[in-house]
Amino acid sequence: MAEEAHRRYAEIMRDVEAMIEDHIARQNHEEVFPSKLRMLVPTAGPFFTRLPLEAAFKYQDRKRNISFRRYVAPSFNDVRLILNSAQVMAVTNGALQLATFDGDVTLYDDGQSLEPSSPVVPRLLDLLKKGIKIGIVTAAGYTTADRYYERLHGLLDAIAASTELDPSQKQNLVIMGGEANYLFEFSLSAPHLLAHVPRERWLTPEMTHWHEEDIAALLDVAEGALKDCVRAMNLPATIVRKDRAVGIIPSDPDIRIARESLEETVLVVQRILELSSLGVPASSSRTSSSTIARPRIPFCAFNGGRDVFVDIGDKSWGVTVCQQWFSSTGGTRIGGENTLHVGDQFLSAGSNDFKARSVGTTAWIASPAETVELLDELADLMQKRLS
Ligand code: IMP
Ligand code: MG
């Protein structure tokens with residue numbers, strides 16, 4: 001039975017793989033004749049690489065014994081992990097140049113920090129040693145290096161102390177905070193090992209058109225909407241206003257705001273901002289909004305698990321900044337097919353990591369332990385390719 005189940009699942013994966021390949025062949029001239037995949041899944045985003053789904057299924061089946069289950073069909077998590085494996089297999093053909101990571105839930109547990117003992121640390125060092133650039137693209141928005149050092153000291157201290165990384169490899173780590181608002185580069189000589197990079201050195205051409213008054217006006221509207229939600233739903237929450245974000249956090253750290261209330265808040269705020277003529281509606285594409293002289297401001301309203309935040313820009317901008325930064329320092333163009341973003345938020349309201357899907361390949365993990373497994377898979381495949 002297990003053998004037969006394995007054969008049939010593999011066959012299905014092969015069919016989907018072929019459907020994606022057909023879609024890739026047409027994705028640039030779809031107006032003429034949409035692909036079968038486009039008809040079945042109208043919301044499917046761009047594919048930067050092929051996805052070897054059959055091979056990925058075989059790999060995950062060995063690990064999770066999916067075919068040996070008699071009563072429980074392949075689940076959402078099985079499929080998510082198969083897709084991750086396929087994506088990792090696709091980028092380790094030599095294309096991978098930049099790996100970007102979300103912070104909370106991806107590198108460390110929600111609200112925690114990256115400690116020196118974390119198993120993620122040696123694996124990130126290994127990536128740097130292999131010449132891969134790393135961006136930590138987190139929504140956590142702080143204006144100063146000390147706050148990022150607090151969250152990431154395990155990694156920063158390990159890089160500083162490493163005798164295996166050469167100085168140029170150590171330079172290959174940046175922190176992109178507040179989704180796309182604050183850039184810090186690793187620097188041995190800077191306090192807290194992070195040097196703040198002024199915006200004029202990294203803003204993309206489109207981002208230079210985001211006016212400060214429009215940003216402040218958008219955050220004012222968002223703050224008003226958040227206050228209304230707190231009042232209307234009687235949430236045990238406090239408003240936090242920053243220069244590039246506004247959010248609600250529990251008024252007492254021991255209280256959890258109900259998931260449903262957080263989701264409702266995200267949807268309300270998103271709607272109000274879209275209707276306000278200040279924010280970019282979720283449905284409009286990035287380029288159409290950014291080419292006009294005084295564009296609307298892209299924002300990301302999301303449920304962070306325990307809080308809701310509205311940030312200026314989103315991780316698609318944050319990852320783009322990392323691509324441009326390393327393209328200019330390394331001299332080679334880093335595109336979507338050379339980039340892998342690893343994150344946990346792909347489904348909850350606002351899903352901030354999902355935004356990165358439009359500019360690079362992605363892997364969707366559910367815990368720091370899964371990030372470790374993914375990095376091991378990545379390292380194995382890169383090693384195999386080398387040998
Ligand atoms: P991420 O998972 O690394 O993207 O971090 C998301 C979490 O960072 C949120 O759920 C918040 O708890 C926290 N956070 C702290 N400051 C900010 C901010 O300015 N904007 C968004 N999230 C923030
Ligand atoms: Mg996260």
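Please read all numbers here as calculations on a predicted model, not as lab measurements.

Caption draft 1: Highlighting the environment of Ile 66. Its place among the elements puts Ile 66 in the loop between α3 (53-64) and α4 (76-91). A relative accessible area of 1% means that Ile 66 is categorised as buried. Separated by 159 residues in sequence, Ile 66 and Ala 225 have C-alpha atoms that sit 46 Å apart. With near-sequence residues (within four places) excluded, Ile 66 lies in contact with Tyr 9, Phe 57, Gln 60, Asp 61, Pro 74, Asp 78 and Ile 82.

Caption draft 2: Up close: the coordination of the magnesium ion (ligand 2). Distances from the magnesium ion (ligand 2) to its protein donors, Asp 102 (OD), Asp 104 (O) and Asp 344 (OD), fall at 2.2 to 2.3 Å. Assessed through its relative accessible area of 17%, Asp 344 is described here as buried.

Caption draft 3: Focus on the side chain of Gln 323. Its place among the elements puts Gln 323 in helix α11 (residues 315-330). Side-chain polar atoms of Gln 323 contact the side chain of Thr 339, separated by 2.9 Å. If near-sequence neighbours (up to four positions away) are discounted, Gln 323 is found in contact with Leu 98, Ile 334, Gly 335, Gly 336, Thr 339 and Val 359.

Caption draft 4: Highlighting unusual backbone geometry. The phi angle at Glu 179 is positive, at roughly 70 degrees, despite the residue not being glycine. Considering the arrangement of structural elements, one finds Glu 179 in the loop between β3 (173-177) and β4 (182-186). For His 192, which is not a glycine, the phi torsion comes out positive at approximately 65 degrees. Mapped onto the fold, His 192 is located in the loop between β4 and β5 (194-197).

Caption draft 5: Quick peek at the site of ligand 1. Close contacts around ligand 1 come from 16 residues, with Asp 102, Thr 138, Lys 242, Asp 307 and Asp 311 the closest. A distance of 3.0 Å is found between an oxygen atom of ligand 1 and a backbone nitrogen or oxygen belonging to Gly 103. Between an oxygen atom of ligand 1 and a side-chain N or O atom of Asp 307, the distance comes to 2.4 Å. In the complex, the protein chains occlude 92% of the 500 Å² of accessible area that ligand 1 would expose alone. Grouping the constituent residues of the shell around ligand 1 by class yields five nonpolar, five polar and six charged.

Conventions we followed
- Residues numbered from 1 in each chain as written.
- Chains lettered and ligands numbered in written order.
- Predicted model: local features only at pLDDT ≥ 70, side-chain atom pairs only at ≥ 80, totals over all residues.
- Heavy atoms only, no water.
- Helix = DSSP H or I, 4+ residues; strand = E, 2+ residues; numbered from the N terminus.
- Buried < 20%, exposed > 50% of the residue type's maximum accessible area, 1.4 Å probe, protein only.
- Contact = heavy atoms within 4.5 Å.
- Donors = N, O, S within 2.8 Å, 3.2 Å for Na, K, Ca; no water.
- Polar contact = N/O pair within 3.5 Å; in protein donor to acceptor, adjacent residues only side chain to side chain.
- Near = heavy atom within 4 Å.
- Areas by Shrake-Rupley, 256 points an atom, 1.4 Å probe, with all protein chains shown as cover.
- Nonpolar A, V, L, I, M, F, W, Y, C, P; charged D, E, K, R; others polar.

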